[in-house]
Amino acid sequence: MSVARSSKARGGVKRRVNESQVRAMTRHILSLNDFSSQEMQELVDRAIELKSERKKGINHSQLSGRIIGLVFEKPSTRTRVSFESAMYGMGGQVIFLSARDTQLARSEPLKDMSRVMSRYVDGMVIRTFGQEVVEELARYATVPVINALTDLHHPCQVLSDIMTVVEEKGPINALKIAWVGDGNNMANSWIEAAALMDFELTLACPEGYDPDPDILKRAQVSASKAVTLVRDPHKAVAGADALNVDVWASMGQEEEQVERLKIFETYQVNQRLLDSGKPEMIVLHCLPAHREEEITEDVLESDQSVVFDQAENKMHMHKAILEKLIS
Ligand code: CP
Ligand code: NVA
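Residues numbered from 1 in each chain as written. Chains lettered and ligands numbered in written order. Predicted model: local features only at pLDDT ≥ 70, side-chain atom pairs only at ≥ 80, totals over all residues. Heavy atoms only, no water.

Asker: When you look at the site of ligand 1 in this model, what are you seeing that I'm missing?
Answerer: The environment of ligand 1 is formed by Ser76, Thr77, Arg78, Thr79, Arg127, His154, Gln157, Cys286, Leu287 and Lys314. At 2.7 Å, a side-chain N or O of threonine 79 approaches an oxygen atom of ligand 1. Within the side chain of glutamine 157, a nitrogen or oxygen atom sits 2.9 Å from a nitrogen atom of ligand 1. Tallied by class, the residues present in the shell around ligand 1 amount to two nonpolar, five polar and three charged. (Near = heavy atom within 4 Å. Polar contact = N/O pair within 3.5 Å; in protein donor to acceptor, adjacent residues only side chain to side chain. Nonpolar A, V, L, I, M, F, W, Y, C, P; charged D, E, K, R; others polar.)

Here you go:
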């Protein structure tokens, strides 16, 4: 009896040691800073390759037998469908969970959810509010946790947007990128990307709606090119190769929507703003867009807009990310 107990105890200790070792080795994408610049470049190159292979009808099965769980606490069209089609397109399978249908909605601790999910699936893709939620899940997970948008970051979106810019304009480190509007999750991820991938970034945000000050400061210290915050949107687009715009009120800020319409009025991406930039400057919007608010219909539908290629590229980039982390 005592032998059995001690052997069971030894087994228990061994299992715990193995689990913590696996946990320590597991890669996550909580923000773009989880990658090196070389890895980001490799993901962009691989996503472009996967896109061209799909167009040639080449099938992939690298993720056959693998399952990812999508846990979404906010709405999504593009991110959900592009992750699902990326996974199916590589032979894998997906379980989608709306967070309100899980025990999270009844206050099950994240650390329990993370360890349980880790035993069912090979990766977790999470869309939620606080960055601390994805961090807590990752702390306990033994499979990769992928941030599919928090209030602070939208790393996978910015990776696929960089892919779009590279397709249109060539190597990113020779380009100047502009951001006009709210200093939100997208802006923060663009700032991290600029420092990692060595491109110039100018953001124009109204006072009081700046990007996260710590993220900006860190990037400004480590970046080899200028990462600049200005107030005048015309200044940001001058000389830019690509202009990024996003909604003025992000998910979770719906109550501020009306107030923000007035505050952001002069930050609208319209023809007058485009006239301050190069005629060949491309316009990106991660979508969904609010026409005649942050961007006018004519600009969104113009030849300078690449928003639908940008949306498509999410699927190719998600394939590259899943292949890197899950296969
Ligand atoms: N761009 C983006 O993340 O879109 P969804 O909210 O539709 O996923
Ligand atoms: N900043 C937006 C992006 C939507 C894809 C939001 O968080 O709602």
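Asker: Hey, could you run me through the nonpolar core in this one?
Answerer: If you look at soluble globular proteins, the nonpolar side chains tend to sit buried side by side. By size, the foremost hydrophobic cluster in this structure holds 61 residues, and its most contacted members are Ile162, Trp190 and Phe199. Sorting elements by how many residues they give to this core places helix α7 (residues 185–197) first, with nine residues. Here isoleucine 162 is in contact with Met40, Val44, Ile172, Trp190, Ala193, Met197 and Phe199, once residues within four sequence places are set aside. Listed in part, the 21 residues of the second largest apolar core include Val180, Tyr267, Leu274 and Leu287. (Core = buried A, V, L, I, M, F, W, Y, C linked by side-chain atoms within 4.5 Å. Buried < 20%, exposed > 50% of the residue type's maximum accessible area, 1.4 Å probe, protein only. Helix = DSSP H or I, 4+ residues; strand = E, 2+ residues; numbered from the N terminus. Contact = heavy atoms within 4.5 Å.)

Asker: Just checking my understanding: could you explain the environment of arginine 260 for this structure?
Answerer: With respect to the helices and strands, the residue arginine 260 is situated in helix α10 (residues 257–263). In this structure the C-alpha to C-alpha distance between arginine 260 and glutamate 207, which are 53 residues apart in sequence, comes to 12 Å. In contact with arginine 260, not counting residues within four places along its chain, are Asp182, Tyr209, Trp248, Ala249 and Gln253.

Asker: Looking at this structure, how should I read the pattern of salt bridges?
Answerer: A pair can form between side chains of opposite charge whenever their charged atoms are brought close. One pass over the structure, following the stated rule, counts 19 salt bridges. For the salt bridge of glutamate 84 with arginine 80, the shortest nitrogen-to-oxygen distance reads 2.9 Å. One end of the pair is glutamate 84 and the other is arginine 80, both in helix α3 (residues 78–89) and four residues apart, which spans about a single turn. Arginine 80 gets classed as partly exposed once you look at its relative accessible area, which sits at 29%. One network of salt bridges, in which partners are shared, links Glu19, Arg23 and Arg119. (Salt bridge = Lys/Arg side-chain N within 4 Å of Asp/Glu carboxyl O.)

Asker: Explain the confidence of the model for the protein chain here, please?
Answerer: Averaged over every residue, the pLDDT of the protein chain is 95; the share at 70 or more is 95%. Within the model, the stretch residues 1–7 combines pLDDT values under 50 with zero contacts to residues more than four positions away or in other chains. (pLDDT = per-residue confidence, 0-100.)

Asker: Where do I start with the site of ligand 2 in this structure?
Answerer: Every residue lining ligand 2 is accounted for by Leu149, Asn184, Asn185, Asp246, Val247, Ser250, Met251, Cys286 and Leu287. Separating a nitrogen atom of ligand 2 from a side-chain N or O atom of asparagine 184 is a distance of 3.3 Å. The separation between a nitrogen atom of ligand 2 and a polar side-chain atom of serine 250 is 2.8 Å. When ligand 2 is considered free in solution it has 270 Å² of accessible area, and contact with the protein chains removes 94% of it. (Areas by Shrake-Rupley, 256 points an atom, 1.4 Å probe, with all protein chains shown as cover.)

Asker: Looking at this structure, I do not really get the sheet that holds strand β5 (residues 176–180). What am I missing?
Answerer: Two pairing modes exist for strands in a sheet, parallel and antiparallel, and in both the strands are linked by backbone hydrogen bonds. Read from one edge to the other, the open sheet built from five strands follows the order β7-β6-β5-β8-β9, with strand pairing classed as parallel. Looking at which strands have only one partner, the edges of the open sheet turn out to be β7 (227–230) and β9 (282–285). Strand-to-strand, the axes of this sheet are offset by a mean angle of 20 degrees, without reference to chain direction. Where strand β6 (residues 200–204) meets β7, four bridges bridge the pair, whose relative direction is parallel. Within β7, the residue paired with leucine 203 across the bridge is leucine 229. Together, β5, β6, β7 and β8 (242–245) form the strand contacts of α7, whose direction differs from that of β6 by roughly 155 degrees. (Pairing = 2+ DSSP bridges. Axes fitted to C-alpha atoms, helices over the stretch in contact; angles between N-to-C directions.)

Asker: How do you make sense of the packing of aromatic side chains when you look at a structure like this?
Answerer: In this description, a pair of aromatic rings is defined by centroid distance and the angle of the planes. A full pass over the atoms with the stated rule returns five aromatic pairs. Centroid distance tryptophan 190 to phenylalanine 199: 5.8 Å. Interplanar angle 75 degrees. Geometry classified as edge-to-face. Per residue, the accessibility class of tryptophan 190 equals that of phenylalanine 199, and both read buried. On the numbers, 5.1 Å between centres and 65 degrees between planes, the contact of tyrosine 209 with phenylalanine 264 is edge-to-face. In this pair, tyrosine 209 sits in the loop between β6 and α8 (213–222) while phenylalanine 264 sits in the loop between α10 and α11 (271–274), placing the two residues 55 residues apart along the sequence. Each member of the aromatic cluster is reached from another via a ring pair, and the members are Tyr209, Trp248, Phe264 and Tyr267. (Phe/Tyr/Trp six-rings, centres within 6.5 Å; stacked < 30°, edge-to-face > 60°.)

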